[in-house]
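Coordinate inspection notes
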Number of protein chains: 4
Amino acid sequence: NFASKGDVSNQIFASYDVYKGKASLSVRPVLPTFTKSDSGSLRVRRRGVMMLSFLPAVGERKYDYEKKQFFALSATEVGSLISLGPKDSCEFFHDPSMLTSNSGQVRKTLSIKAHADGTGYLISLNVVNNILKTKEYFTVPVTTAEAAVIKTACSFALPHILGWDRLTNQLPRHIEGHPSKVDPKNMDLEWDK
Amino acid sequence: NFASKGDVSNQIFASYDVYKGKASLSVRPVLPTFTKSDSGSLRVRRRGVMMLSFLPAVGERKYDYEKKQFFALSATEVGSLISLGPKDSCEFFHDPSMLTSNSGQVRKTLSIKAHADGTGYLISLNVVNNILKTKEYFTVPVTTAEAAVIKTACSFALPHILGWDRLTNQLPRHIEGHPSKVDPKNMDLEWDK
Amino acid sequence: NFASKGDVSNQIFASYDVYKGKASLSVRPVLPTFTKSDSGSLRVRRRGVMMLSFLPAVGERKYDYEKKQFFALSATEVGSLISLGPKDSCEFFHDPSMLTSNSGQVRKTLSIKAHADGTGYLISLNVVNNILKTKEYFTVPVTTAEAAVIKTACSFALPHILGWDRLTNQLPRHIEGHPSKVDPKNMDLEWDK
Amino acid sequence: NFASKGDVSNQIFASYDVYKGKASLSVRPVLPTFTKSDSGSLRVRRRGVMMLSFLPAVGERKYDYEKKQFFALSATEVGSLISLGPKDSCEFFHDPSMLTSNSGQVRKTLSIKAHADGTGYLISLNVVNNILKTKEYFTVPVTTAEAAVIKTACSFALPHILGWDRLTNQLPRHIEGHPSKVDPKNMDLEWDK
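Keep in mind that what you see is a predicted model, and the values were worked out from it rather than measured.

About the criteria used
Residues numbered from 1 in each chain as written. Chains lettered and ligands numbered in written order. Predicted model: local features only at pLDDT ≥ 70, side-chain atom pairs only at ≥ 80, totals over all residues. Heavy atoms only, no water. Core = buried A, V, L, I, M, F, W, Y, C linked by side-chain atoms within 4.5 Å. Buried < 20%, exposed > 50% of the residue type's maximum accessible area, 1.4 Å probe, protein only. Helix = DSSP H or I, 4+ residues; strand = E, 2+ residues; numbered from the N terminus. Axes fitted to C-alpha atoms, helices over the stretch in contact; angles between N-to-C directions. Parallel < 35°, antiparallel > 145°, perpendicular 65-115°, else oblique. Contact = heavy atoms within 4.5 Å. Nonpolar A, V, L, I, M, F, W, Y, C, P; charged D, E, K, R; others polar. Salt bridge = Lys/Arg side-chain N within 4 Å of Asp/Glu carboxyl O. pLDDT = per-residue confidence, 0-100. Pairing = 2+ DSSP bridges.

What follows covers the nonpolar core. In terms of nonpolar packing, the biggest core is built from 157 residues, with Leu 110 and Trp 164 of chain A, Leu 110 of chain B, Leu 110 of chain C together with Leu 110 of chain D touching the most fellow members. If one sorts the elements of this core by residue count, helix α3 (residues 144-161) of chain B sits on top with 9 residues.

In structure tokens, the structure reads:
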């Protein structure tokens, strides 16, 4: 029983990685978690995200795993990313301590800026941590091909981080041997309040 | 056995939600239901839809769940939505009592109107209920990013609300140890009447 | 065991239907069938198709099921369909008796012609049967929204009619407790002849 | 148990094939393989690829299977392919002996060149093998429709060769009867180092 074993699929590590001169960028989906109510229905407990992680380079093809930084794109931020045209840019601001007593102490800024010639983007992450008194800056140029992978894979992942894949691949939801041909209740789901 | 438990997957609640100043909009797929004939074949009983639901705002970040209104997009209406260009608009009219004695008493109008500058859409729902003598109006501006999520997620959902995901992820449909190399019946499915 | 029961998934009926004044058009995927060799590997036996079926109208909202005609789009023809621009047209010719003694006796022509104003397509099927001495002609105008459903659903179905969904959703293909870190055989699959 | 049987899904043969006058081209996805650690987590062991294979023609509709040559597109190369515009071209260079003592002895070049009129591409593979003293050259013109199949099917396959389909279609990752409403650890995954 998977459910009783907890967070099993979290233990699959499959990311799309871009290793560049100053830093590396890894992208992977993190699925939502669900809560089962007493009635048996499932509700999203923690929303899924596209997790970006950055490592600074510390030599040729060497990256410092101790300095890993994360940026978790929400569904709407993924929408921004996948609708970026070849000349577009976008920027996201996160405070991972939002709604805690440390609110405002850490500021993360992710910026995706199109190259002037439309041949890719510069993705950069800026992390200012006032608690640890640190500032970190990562910058990863991605080509058109790498951006196409990220956009295509994020488009694929989007319904999954929304939890919509849970609605599919199911056994029949409602099977009966003798359907009633005229059933007003079924005529319009809009009455289902 | 899922089938005997009935409408299980209906009890998964995973919607994409947009909360704005005057109202909120939630989007989620509702899968088709199937009927099993005596011969064992499955037919779509009730078509799947993309269910939009609206809540009016009654304060800052507060929404009135008692006044929830639904609008169920058919496959073709989803086709309209996902093919909307950044300057396009569309409008749908529903009568949830169609073909009943209350036909014409309730009129629902969903309008999706591009912002003049192409940076998103205004989605609004108008519900005129002559039985309850009520008129309700919901309006939710969505950004380009939010619209991209809705379009991408609806494109993903479209084959599922058609029931086509039921045709996949199956065990082999036809496996034989020694295929006949030349079998005219297999040469063209167009003869399968 | 599904395999021993044969063509089970064929018995799911879920099509996208467009009912118009002169005829109706239904679209549904038909998955490939597989052959299992003695060694246990699976090969495609009969290719999958997108099956179009047409019914002539014989009154208001009444269609003659006795006069149903089929046209089975191959993967490449589906490629044509999904890459059609709003002003494009295409035409396919089939001989369902090809390679039999009746070759040339039946000619089917499917034509997809963009409306001059880019607001949809006219889909028509012409069937000339010299054996039965019949000529049949079906014509179904589809809107932009209906065409978007057909294109989106066909794009979804394309990998499935190729049989590629069989390559996914599998248990781990190769799991070992202690991977060899350097294994030249694994370095490049291009040596796998 | 699939895992103990090893490379099962590798034994499904379902490719998209284009047979032309001078050579044939087959395209199929090869999924990644995974390694299970002692802790039970799965890591990608060998990356997935889109495998292109070429056969030279040796007569009308006859192809020489002995002279098959492979070219394995990485995820990023697939990104290049699927983002090719109708007038674009790209070229990839592989050395299947890279990092071995035979490095540099075999050079493979795949070229995808748009037809001048935008009606498809010329796909060619050049293999220079200094060990066997052979040079082979394959050239396959593909139409817009065939290119649409390849692009659509590769877009479908991309998340699968990344291994992201393993993250989905799972049972609930985290189900609890009584979720804690406020759990700072869950508030932002960006703290999950």
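Their axes nearest at 9 Å, the elements helix α3 (residues 144-161) of chain A and α3 of chain B cross at an angle of 85 degrees. In terms of their interaxial angle, α3 of chain A and α3 of chain B are classed as roughly perpendicular. For the pair formed by α3 of chain A and α3 of chain B, the contact residues are Ser 155, Leu 158, Pro 159 and His 160 of chain A on the first element and Val 149, Thr 152 and Phe 156 of chain B on the second. Taken together, the residues of the contact of α3 of chain A with α3 of chain B sort by class into 4 nonpolar, 3 polar and no charged.

Right, let's talk about the pattern of salt bridges for a bit. Residue and element names in this part refer to chain D. For the coordinates displayed, the defined rule picks out 8 salt bridges over all chains. Put simply, Glu 146 and Lys 20 hold a salt bridge, and the shortest N to O gap is 2.8 Å. Here Glu 146, found in helix α3 (residues 144-161), pairs with Lys 20, found in the loop between β2 (16-19) and β3 (23-30); they are 126 residues apart in sequence, far enough to count as distant.

Let us look at the environment of Leu 162 of chain C. For Leu 162 of chain C, the location among the structural elements is in the loop between α3 (144-161) and α4 (184-187). A C-alpha to C-alpha distance of 8.4 Å links Leu 162 of chain C and Val 49 of chain C, two positions 113 residues apart in sequence. With near-sequence residues (within four places) excluded, Leu 162 of chain C lies in contact with Pro 32, Val 44 and Ala 75 of chain C together with Ala 14, Tyr 16, Val 149 and Ala 153 of chain D.

Our focus in this paragraph is unusual backbone geometry. The phi dihedral of Arg 61 of chain A is positive, around 55 degrees, even though this residue is not glycine. For Arg 61 of chain A, the location among the structural elements is in the loop between β6 (49-59) and β7 (62-63). Arg 61 of chain A gets classed as exposed once you look at its relative accessible area, which sits at 77%. Its identity is not glycine, yet Leu 99 of chain B carries a phi of approximately 70 degrees, on the positive side. Owing to a relative accessible area of 70%, Leu 99 of chain B belongs among the exposed residues under this scheme.

Turning our eyes to something else, we now look at the side chain of Thr 139 of chain C. Within the element layout of this structure, Thr 139 of chain C appears in strand β12 (residues 134-143). Excluding anything up to four places from it in sequence, Thr 139 of chain C contacts Lys 22, Ala 23, Leu 122, Ile 123 and Ser 124 of chain C.

What follows deals with the confidence of the model for chain A. Residue and element names in this part refer to chain A. Averaged over every residue, the pLDDT of chain A is 82; the share at 70 or more is 80%. Note on residues 1-10: pLDDT is under 50 here. Beyond four places in sequence and across chains, it has 14 contacts. Note on residues 169-188: pLDDT is under 50 here. Beyond four places in sequence and across chains, it has 46 contacts.

On to the sheet that holds strand β12 (residues 134-143) of chain D. Backbone hydrogen bonds are what pair the strands of a sheet, in a parallel or an antiparallel way. Residue and element names in this part refer to chain D. Here 4 strands make up an open sheet; going across it, the order is β9-β10-β11-β12 and the pairing antiparallel. Of all the strands in the sheet, the pair left with one neighbour each is β9 (89-94) and β12. Between one strand and the next, the sheet's axes are offset by a mean angle of 10 degrees, whatever the strand orientation. As paired strands, β9 and strand β10 (residues 106-114) are joined by 6 bridges and run antiparallel to one another. When the bridges of β10 are listed, Phe 92 appears paired with Leu 110. Packing of α3 onto the sheet brings it into contact with β11 (120-129) and β12, and relative to β12 it is tilted by some 105 degrees.

This paragraph deals with the sheet that holds β12 of chain C. All names here are of chain C. With respect to topology, 4 strands assemble into an open sheet ordered β9-β10-β11-β12, the strand pairing being antiparallel. Edge strands, defined here as strands with exactly one partner in the open sheet, are β9 (89-94) and β12. Within this sheet the neighbouring strands show an average axis-to-axis angle of 10 degrees, counted without direction. Strands β11 (120-129) and β12 of the sheet are contacted by α3, whose axis makes an angle of about 105 degrees with β12.

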